[in-house]
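Residues per chain are reported as follows:
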Amino acid sequence: MKPQYVLPFERPIVELEEQLSKLESQPGPTPTTLESIRNMRVEIAKLKRDVFENLNPWETVQVARHQDRPQARDYIELICDEFIELHGDRAFGDDRAINAGFAKIDDCKVLFIGQHKGRNLKERNECLYGCAHPEGYRKALLKMQLAAKFNLPIVCLIDTPGAYPGIGAEERGQAYAIAVNLREMSQLPVPIVCIVIGEGGSGGALGLGIGDYVGILQFAYYSVISPEGCAGIMWKSVEFASKAAHALKFTGPDLLKFGVVDEVIPEPLGAAHRDHRAMASTLKATIVRNLRSLETLSAESLLERRYQKFRRIGEFEETLVSGAS
Amino acid sequence: MEASRMTSDPPPQQRGFDNGETPRKKRGVPEGLWIQCESCKSTVYRKQVEQNLYLCPDCSHHFIVPGRVRIQQLLDEDSFEEWFDNLTSKDPLGFVDSKPYKDRLVAEQKKTGLKDACIAGRGYMRGRPLVFALTDSSFIMGSMGSVVGEMLTRSVEEATRLKLPLVIVSGSGGGARMHEGILSLMQMGKVSAALGRYQSAGGLFISVLTNPTMGGVAASFASLGDITLAEPKALVGFAGPRVVRATCKIALPAGFQTSEFLLEHGFVDRIVPRPELRTEISRLIDYCGV
């Protein structure tokens, strides 16, 4: 797939790819051209590996936000054999930033929930760049409760810069809606698979993130605050976003170390936006593998396991003397 | 319209936001014999404010109460048994902003006499036994990192085990503590899950919102009360007012994100002035018969 939007550190790759396609389009290639085509392919693969193996956290954020990066709706199309969308929160409206519906993945019937940022201007205006309002979180919970009632497992794809910070969102209880989701998701007696596919923006991401398995794509991030927000508060200017991105330790390997995610899911060479199909197929395999292993657990042990999974997270020192009972 | 844009914000360096160096006039009663009330602007004798439950004697403005004083105000004399005061924060990220987080913790501990932003334990309120916890906004804006999350979770679990009512008074302008990154975010899930178990087991959780309760604290335990009370005119919300103004690019409505705003929109059961808090909570506990 030819990228439409090129990040600065991708430019050398794109330039080589352009040269390659020029060579390839020449009619009647001579053995020397064929030879240089082969060499160039090797070179491109090597360059991609070099660039993407060494992304710093700020570059990772840019890949996570890449305009061509596959989004929830793309994955629904590529992964699900069927998707029956279910709308509305029965209280205020239908938040387009969160999509929910029954879906079939292989022979698994699931409730599929995805935060969607929008792939074009029209979608982005509807989805507000993936920033959900309280009605979005309420919709998600309502459908999850439906799934639990009929014993369907739940898949949540997380991709949001954060919950929407607006007047209406506050009036309709953004904090309350997220809090309720945290509490209720921890008690739903069906398997929940959560995967951060792009941006895991703070409470807005966590509001769909209490699961039995939490995975993250290789070039996604999951953070308590956006790097820009952190930079604004800590260093008084968004210009320090890159510094904040380093300080917050929010990419896959650190999250794995902190026990926040169970797995960092590898992306295709050159990141997900270069090969939607390959990414979707890895994602599908990950989802199916986890659903299969989680469905063997009883509801009771599922809930206990989920509780302990979050219960363990946190780092502190504990001295022996305590007033604790 | 122009005036309501971001330009109405003072430049960042003048905001007096938390960088650990600027004096924090907004929080608590400032040092000095006389202080100015933030609300009615009258100059009042500090001792008089302190003796008056940290209320302005002229306009009843609710100043921020230090955690230890809050316990004296709410619980029966000498009935509080403090728990988990052996937990201290680590620096899992190696976080450095204007100073290293490690140094900041030491400085905050010195300044406040607290180990972290949470005090928890059990006590009695007008003779009723309960588990009581609070977040103290004088310690890194009352923000929740691993220690606060762990202390609250353990308190909820103890309340579940002991079958006692639970009261948490939140004062957390900082929400989830940035200095501990993703671990702070996860504390929201951890405490909320514990509350889920407690409430399913029949526990009564009374959440008391005080000025300020924002971000990740508002979006977790503070919003999950079986009954939610708020002190008058407290700032309570998800996104900070500055962020909301920057997003919406219009002037915020009067009283936006105050206790009264929350009451109007249905997210608070009652607004309770500080002098009545103890009586009200006791009465509510009696109604629930726990």
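Here the structure is a predicted model, which means the values were calculated and not measured. (Residues numbered from 1 in each chain as written. Chains lettered and ligands numbered in written order. Predicted model: local features only at pLDDT ≥ 70, side-chain atom pairs only at ≥ 80, totals over all residues. Heavy atoms only, no water.)

Caption draft 1: Examining the overall build of chain B more closely. What chain B contains, in helices and strands, is nine helices and 11 strands. Of the contacts formed within chain B by residues at least 6 apart in sequence, a portion of 68% connects residues at least 24 apart. Of the roughly 11700 Å² of accessible surface on chain B, a fraction of 52% belongs to carbon and sulfur atoms. (Helix = DSSP H or I, 4+ residues; strand = E, 2+ residues; numbered from the N terminus. Contact = heavy atoms within 4.5 Å. Areas by Shrake-Rupley, 256 points an atom, 1.4 Å probe, with all protein chains shown as cover.)

Caption draft 2: Seen up close, the interface of chain A and chain B. Facing the 56 residues of chain A at the interface are 68 residues of chain B. Here chain A packs against chain B, burying approximately 5400 Å² in sum over the two surfaces, 66% of which is carbon and sulfur. One salt bridge connects E150 of chain B with R311 of chain A, and the closest N-O pair in it is separated by 3.0 Å. Along the contact surface separating chain A from chain B lie 19 residue pairs in polar contact (both at pLDDT 80 or more). Every element with two or more residues in the side of chain A that touches chain B is listed here: α7 (167-171), α8 (174-185), α9 (202-206), β7 (221-223), α10 (227-234), α11 (241-248), α14 (299-311) and β9 (316-318) of chain A. (Buried area = accessible area lost by both parts, 1.4 Å probe. Salt bridge = Lys/Arg side-chain N within 4 Å of Asp/Glu carboxyl O. Polar contact = N/O pair within 3.5 Å; in protein donor to acceptor, adjacent residues only side chain to side chain.)

Caption draft 3: Just the pattern of salt bridges, in detail. For the structure shown, the criterion picks out 48 salt bridges over all chains. For D107 of chain A, the salt bridge is made with R292 of chain A, and the minimal N-O distance between the two is 3.1 Å. Remark: R292 of chain A occurs in helix α13 (residues 276-294) and D107 of chain A occurs in the loop between β2 (98-105) and β3 (108-115); sequence separation between them is 185 residues. With relative accessibility at 36%, the residue R292 of chain A sits in the partly exposed group. The partner of E150 of chain B in a salt bridge is R154 of chain B, and the shortest N-O contact between them spans 2.8 Å. (Buried < 20%, exposed > 50% of the residue type's maximum accessible area, 1.4 Å probe, protein only.)

Caption draft 4: Quick peek at the side chain of D74 of chain A. Residues and elements named next belong to chain A. Here D74 is to be found in helix α4 (residues 72-79). At 2.8 Å, the side chain of D74 and the backbone nitrogen of Q71 are in polar contact. In this structure, D74 is in contact with R69, R119 and H276, ignoring residues within four places of it in sequence.

Caption draft 5: Representation of the packing of helix α2 (residues 67-74) of chain B against helix α9 (residues 274-288) of chain B. Residue and element names in this part refer to chain B. Close contact between α2 and α9 brings their axes to 9 Å; oriented N to C, the two are set at 55 degrees. The pairing of α2 with α9 is recorded here as oblique in orientation. Side by side, α2 and α9 meet where R70, Q73 and L74 of the first sit next to R274, L277 and R278 of the second. (Axes fitted to C-alpha atoms, helices over the stretch in contact; angles between N-to-C directions. Parallel < 35°, antiparallel > 145°, perpendicular 65-115°, else oblique.)

Caption draft 6: Just the pairing of strand β5 (residues 192-201) of chain A, in detail. Residues and elements named next belong to chain A. Taking burial as the measure, the 10 residues of β5 include 10 buried ones, the bulk of the element. Both β5 and strand β6 (residues 213-217) contribute to a ladder of four bridges, which runs parallel. Bridged to I195 within β6 is G215. Here three bridges tie β5 to β7, and the two strands are oriented parallel to one another. Directly across from E199, in β7, lies its bridge partner Y221. (Pairing = 2+ DSSP bridges.)

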